[in-house]
Amino acid sequence: MRSSSQPRSLPWPELSDDSAVQLQALLSDFLVLFESHYLGQIHRYHHERSQENLTQLSFLSDDPIPPENPDNPPF
């Protein structure tokens, strides 16, 4: 779960240019494999949360989007 606070500073090791590029490729490949395996669950999670937010907004009032007053200027 992602925290809303600032991430902690990590003691990053010194890497050669080649090692940094190889590590970046490894992490990128892992992320692609992870997302392709869990894409359905990730999509479902975000879809359910967006539906919950839409449902919660409908409880705020009978008319969640107030009608525009034609007498109000646009800005």
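Before reading on, note that the structure itself is shown above.
Residues numbered from 1 in each chain as written. Predicted model: local features only at pLDDT ≥ 70, side-chain atom pairs only at ≥ 80, totals over all residues. Heavy atoms only, no water.

Structural notes on the overall build of the protein
Step number 1: A count of helices and strands for the protein gives one helix and zero strands.
Step number 2: Of the accessible surface of the protein, which amounts to about 8000 Å², a share of 60% is contributed by carbon and sulfur atoms. (Helix = DSSP H or I, 4+ residues; strand = E, 2+ residues; numbered from the N terminus. Areas by Shrake-Rupley, 256 points an atom, 1.4 Å probe, with all protein chains shown as cover.)

Quick look at the packing of aromatic side chains
Step number 1: Counted under the stated rule, the structure contains two aromatic pairs.
Step number 2: Ring centres of Phe30 and Phe34 lie 6.1 Å apart, and the angle between their planes is 35 degrees; on these two criteria the pair is classed as tilted. Remark: Phe34 and Phe30 occur in helix α1 (residues 17-58); sequence separation between them is four residues, near one turn of the helix.
Step number 3: On the basis of relative accessibility, which here comes to 52%, the residue Phe30 falls in the exposed class.
Step number 4: With relative accessibility at 37%, the residue Phe34 sits in the partly exposed group.
Step number 5: Ring centres of Phe34 and Tyr38 lie 4.8 Å apart, and the angle between their planes is 45 degrees; on these two criteria the pair is classed as tilted. Note that Phe34 and Tyr38 are positioned in helix α1 at a spacing of four residues, about one turn of the helix.
Step number 6: By way of ring pairs, the aromatic residues Phe30, Phe34 and Tyr38 are connected into one cluster. (Phe/Tyr/Trp six-rings, centres within 6.5 Å; stacked < 30°, edge-to-face > 60°. Buried < 20%, exposed > 50% of the residue type's maximum accessible area, 1.4 Å probe, protein only.)

Observations regarding a nonpolar patch on the surface
Step number 1: Among the surface-exposed residues, Leu15, Leu23, Leu26 and Leu27 lie close enough to one another that they form a single nonpolar patch of about 380 Å² accessible area.
Step number 2: Note that Leu27 resides in helix α1. (Patch = residues over 30% accessible without salt bridge, like charges linked within 9 Å, V, L, I, M, F, W, Y side chains within 5 Å. Salt bridge = Lys/Arg side-chain N within 4 Å of Asp/Glu carboxyl O.)

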